[in-house]
Amino acid sequence: MRTLSARVGLALVAVTLVLAVVGPWVWGEEAVRFDPLHTLEGHSSAHWLGTDDGGRDMLARTLAATRLSVWLAFLATLIGACLGVTLGALPSVLGPRGARAVTAVINGLVAIPVLLLAMFAALVAGTGTTGAVVGIGVASAPGLARLTRTLAAGVEGADYVLAARMLGTGRLRVLTRHVLPNIAEPLILSVTASLGYALLGLATLSLLGLGVRPPEYDWGRLLHDALPRVYVDPEVIAGPALAVAVAGIGFTLVGESLARAAARAPVPPGDGEEADVPLGRSPRPGPSGALLEVRDLTVSFGGVTPVRGVSFGVAPGEVVGIVGESGSGKSLTALAVGGLVPYPGRVRGSVLLEGRPLLSLSRSELGTRLAMVFQDPMAALNPALRVGPQLAETGTVHLGLTRRSALARAVARLERTGVPGARARAHPHELSGGMRQRAVIAMGLMGDPRLIVADEPTTALDATVQRRVLDLLAEINAASGTAALLISHDIAVVSSRCSRVLVMYAGRIVEELPSDALRSARHPYTRALVASVPTLDTDRAEPLATIPGAQPAPSDVPAGCAFAPRCARATSLCTTALPAFESGVACHHPHEERPRAGEEEW
Amino acid sequence: MSRGRRAGRFVLSLGGVVVASFAMLHLIPGDPVRAALGPTAPREAVERRRAELGLDRPLLDQFLAYVGGVFRGDLGESFLSRRPAAEIVADRLPATVQLVVATMLLALAVAVPLGMWVAARTENGRGRRTDLAFTTTTGALSVIPEFLLAVGMVAVLGVTLGWLPVAGKDGAASFVMPVLALAAGPTALLARLVRVETLRELGSDYVRLARAKRLPTHRVYFRHLLPNTLTATLTTGGLLLCSLLGGSVVIEYVFQWPGLGGATVDAIVNKDYALAQAAVLVYGTVSLTVLLAVDVALGLLDPRSALRSRG
Amino acid sequence: MKDDGGLRVSGMRVRYGDLTAVDGVSFTIGKGEILGLVGESGSGKSSVGRALAGLVPYEGDVTGAGPTQMVFQDPYGSLNPRLRIGDAVAEGLGRGGTRAVRKAEGLRLLGLVGLDEGVAGRYPRELSGGQRQRVALARALGARPSLLIADEITSALDVSVQGAVLNLVRELRGRLGLSVLFVSHDLAVVRYVCDAVAVMREGRIVESGTVEHVTEHPGHEYTKALLDAVPRLR
């Protein structure tokens, strides 16, 4: 799309510019040649688009008018850009109070309809060509000023500008060194687009008789003169109308499609080649009778595969943790378990809930047996709806309850999770972060969930609140036997709350172990991860353990073991062959197992 | 924003409009009376007219007299027809308001459902063809100026086919072309805006959670998305609706609509500064009122801003 | 706490409109000492840091602050995407000296934070989060601060790279004799990095002392609750 509209725009602009250069030379004379015998004629073979009141050829006049029309638009844009960018950049060099005042003025000016502003500015500047150019220039300034201000304010909020200010860089230098370079691109592009709007605006003013006056003529003036004749010879208006459309649309399209191209982040390959991901041998699926069973789950987006053959099970009433750093694929795994992977993600493998494929379950079954909790409780509740009715929905939609009894159930569930029932009438923003997360959990309890999938449920919360929310989940688990899949980047959170932990790295499960065995983990990654977490009894005399390098992005996971480049135990085997998942670990050179009492894996 | 601050800003902006309309007459280079009466008018006539208009008095006196007049509903007297400007405005304004309100309603009624529907069809880059058709059509409509559409419609629907009246305001049929021509651009832009906002909301966690709750699709859209999309759209779309006023001037001119726009153009062409002054005042006040109405509507739609205005 | 001409803050207040974010806070940081400021969101800990950095106005007395620099939480927002790393680091060097001298100094700073010279010619987008935080540290050190404010500098980083940045802070303190105000929500991290700690709640300091003392024998209920809430590896 953007290439198409950019191409069309470029073609239109090219035609316009060529005509602007050659127009007056080629058709200039014909355009002003009086012919008293053929005034006000319609279409004929001599005059395709008819003649005006002086018998002058309309087609020739249209083509010859290109130069003046484009030139005036250019001047108006120049005025608008100078005024607008200066005004918009002014707050950046003023003190806070001056900045606020100027910003308020800009916001006020933007509210004035552009054409009206242009008309009155033209009136003040004197009607005629000058008035029109100044008018359109002045009228386009507020929009550019606001754009400049918005962009500049965005950059000024960035930490690097704060850092520069602390290093003693002056306001003007911050503007030229940090702000302008970061906003120049969108600014230049919108100035290009505003060239198109200036052209159309000038044509409008001339059409209204407020612009170019005879004997000069631009497209708008030609339209003005031809307009009364549209009822008799509609074709006489076609020339200038088409010319305005071609040039105006051309410039706007070029400016806007370039701006879009610049604003758009590189698009991820949509229909790229599906990467062929070796599945390897995954953990054995859970025991039969598992509540949740995931087999060879793979999630891919075009050519990128963030989840690569994940298998695990959750027994009824069990709390299982998935731990991994950002980019490990843990959150997508959670979404896939919930059947919520967004388009165009492709999910392969199988997810069974109570032995039945997720896809075969009805909406109501899924909506009542599976609960999801996400990271940011503010975003997870609809800001426009009261909390109670948001919860009650599940009751009316899936359980066939009346609104009243659904609401009563909602209040009961809120109280069950420690939210005072009266808060059911509150809007989400009136609750604290912890309360909101409780409300989200209460929402999941509206049905009779067998499994709660909680993706970083406490990451956005304070430590003391985090603890209480985790306690709540544990209490629900203990009281109702609701199983949970707890996903977190925090290995301590997972280990303190789960019986079993799955460690993910670069889209795969690399180790599965009881959470009390984390300190004696066998996979080098798990070990290093555990060692790098500072705890309340870390030895302060020693440097903290770290893992060199970084986890590979989903798009460039290497062949073999993905952890090999960061691993001290890696051999050439590790970089070529994918380690199979055997007896709880996917590693060619695992650490020795330290036997634990009463536990035997094979 | 609190109610008090909103009211305060409205009053302050109105004051700005009054000052601007007053200043306009005095910013005109040279003598506006001379410009209005023409270079051949005798000097005594110009002086007499200046005295009549009070232009020979000190600036502050003139300003106070002007403000006093505005409060009494006296907007001065047309230079040309010598009719009170307020009377001309009262004659002409209703037709403009009818045109603009009809256009706004049409724009909202088409843009909101269309934008949401397209967003639903093209979420996360699916529905490439719908996307292409929508962006091309709205893109074209948003850059074609209203007067071209108007002239084109007059030529085709009015003159060639003779389906609709080509000019004047006379019954429902006479509204069709002006409203369509005026609505096309803003509708296209608004529909794009609605789509962008809907797409943004579709990516939010509460929609994900509503889907996790397995709510039926229509419930997700109408109950969960619509209020949020509308607030987001109106926040930026208010100015767009306001800009309709500018377009209405051209449309009135092309269709010889008996509104304020035509009168304003005539006033400017004929250098009837008093009437132009009155037009600035009226258009400014109407724009501000539209923006205030949008603000109030937002306050009603968005519980967060309601809370803020209580606080 | 030592009293050797280090930073002394007394009765600091920070207000945003009607909200009092910091309500009469006093503390000292000795030369070469790292003071951890812990608290939950809304406790005012970041406001103290911003006030000392001169980014927000405050009331109260601050003596012995000397040149102050700050490193921010978000490694992605703290570097200008249009400036090469070398230029970003040189920003702190002032405009004195020849180009060559400043370039050499920039390279020295990069070396100080454990980055190799090749990084100087690269743009921020080519660097990982941990590397960016090192650059931000180098840039701040270029201004030769006597006080460094580190505002949640590792909370946006993954655990496996966090350690390297924490080690670097400790190492720099030892090598440059820098005083550091280390603002964090994470008690375990603060315990590891800092010499002393002050616990903030609702704009006030509820408890302060050496790290060992506060973490092992907390006196205030709130400190106990915070310590209790730290998830522990089983």
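In what follows, the accompanying structure is described. (Residues numbered from 1 in each chain as written. Chains lettered and ligands numbered in written order. Predicted model: local features only at pLDDT ≥ 70, side-chain atom pairs only at ≥ 80, totals over all residues. Heavy atoms only, no water.)

Observations regarding helix α19 (residues 524-532) of chain A
Counted residue by residue, α19 of chain A has seven buried out of nine residues, so it is predominantly covered. Residues of α19 of chain A that are buried: P524, Y525, T526, R527, L529, V530 and S532 of chain A. Close packing links the buried residues of α19 of chain A with α18 (491-497), β9 (500-505) and β10 (508-514) of chain A together with α5 (159-176) of chain C. (Buried < 20%, exposed > 50% of the residue type's maximum accessible area, 1.4 Å probe, protein only. Helix = DSSP H or I, 4+ residues; strand = E, 2+ residues; numbered from the N terminus. Contact = heavy atoms within 4.5 Å.)

Considering the pairing of strand β2 (residues 304-314) of chain A
All names here are of chain A. Buried residues dominate β2, accounting for ten of its eleven residues. Bridge count for strand β1 (residues 292-301) against β2 is seven bridges, and the pairing is antiparallel. Residue pairing in the sheet places E293 in a bridge with G313 of β2. Count of turn residues in the β1/β2 antiparallel hairpin: two residues, of which G302 carries a positive phi of about 55°. (Pairing = 2+ DSSP bridges.)

Observations concerning the sheet that holds strand β3 (residues 34-38) of chain C
Residue and element names in this part refer to chain C. Within the open sheet, the six strands sit side by side as β5-β6-β7-β3-β8-β9. Their pairing is mixed. Two strands close off the open sheet at either side, each with one partner strand: β5 (68-71) and β9 (204-210). Strand-to-strand twist in this sheet, taken as the mean axis angle between neighbours without regard to direction, amounts to 20°. Looking at chain direction, β5 and strand β6 (residues 147-151) are connected through four bridges and run parallel. Each bridged residue has a counterpart across the sheet, and for Q69 the counterpart in β6 is L148. Helix α8 (residues 221-229) contacts β8 (196-201) and β9 of the sheet and is inclined by roughly 100° relative to β8. (Axes fitted to C-alpha atoms, helices over the stretch in contact; angles between N-to-C directions.)

Things to note about the interface of chain A and chain B
Facing the 68 residues of chain A at the interface are 66 residues of chain B. Buried area between chain A and chain B, summed over both chains or domains, comes out near 5,900 Å², and the portion from carbon and sulfur atoms is 71%. At the boundary of chain A with chain B, the tally comes to three salt bridges. With a shortest N-O distance of 2.9 Å, E393 of chain A and K213 of chain B are connected by a salt bridge. Applying the counting rule to chain A against chain B returns 15 residue pairs in polar contact (both at pLDDT 80 or more). When its residues are assigned to classes, the side of chain A that touches chain B shows 45 nonpolar, 15 polar and eight charged. (Buried area = accessible area lost by both parts, 1.4 Å probe. Salt bridge = Lys/Arg side-chain N within 4 Å of Asp/Glu carboxyl O. Polar contact = N/O pair within 3.5 Å; in protein donor to acceptor, adjacent residues only side chain to side chain. Nonpolar A, V, L, I, M, F, W, Y, C, P; charged D, E, K, R; others polar.)

Side note on the state of the cysteines
Following the criterion strictly, the structure yields zero disulfides over all chains and no others. Here C587 of chain A stays unpaired: no disulfide links it, and the sulfur of C567 of chain A, its closest cysteine neighbor, is 6.1 Å away. (Disulfide = S-S within 2.5 Å.)

Coordinates in, geometry out; function isn't part of it.
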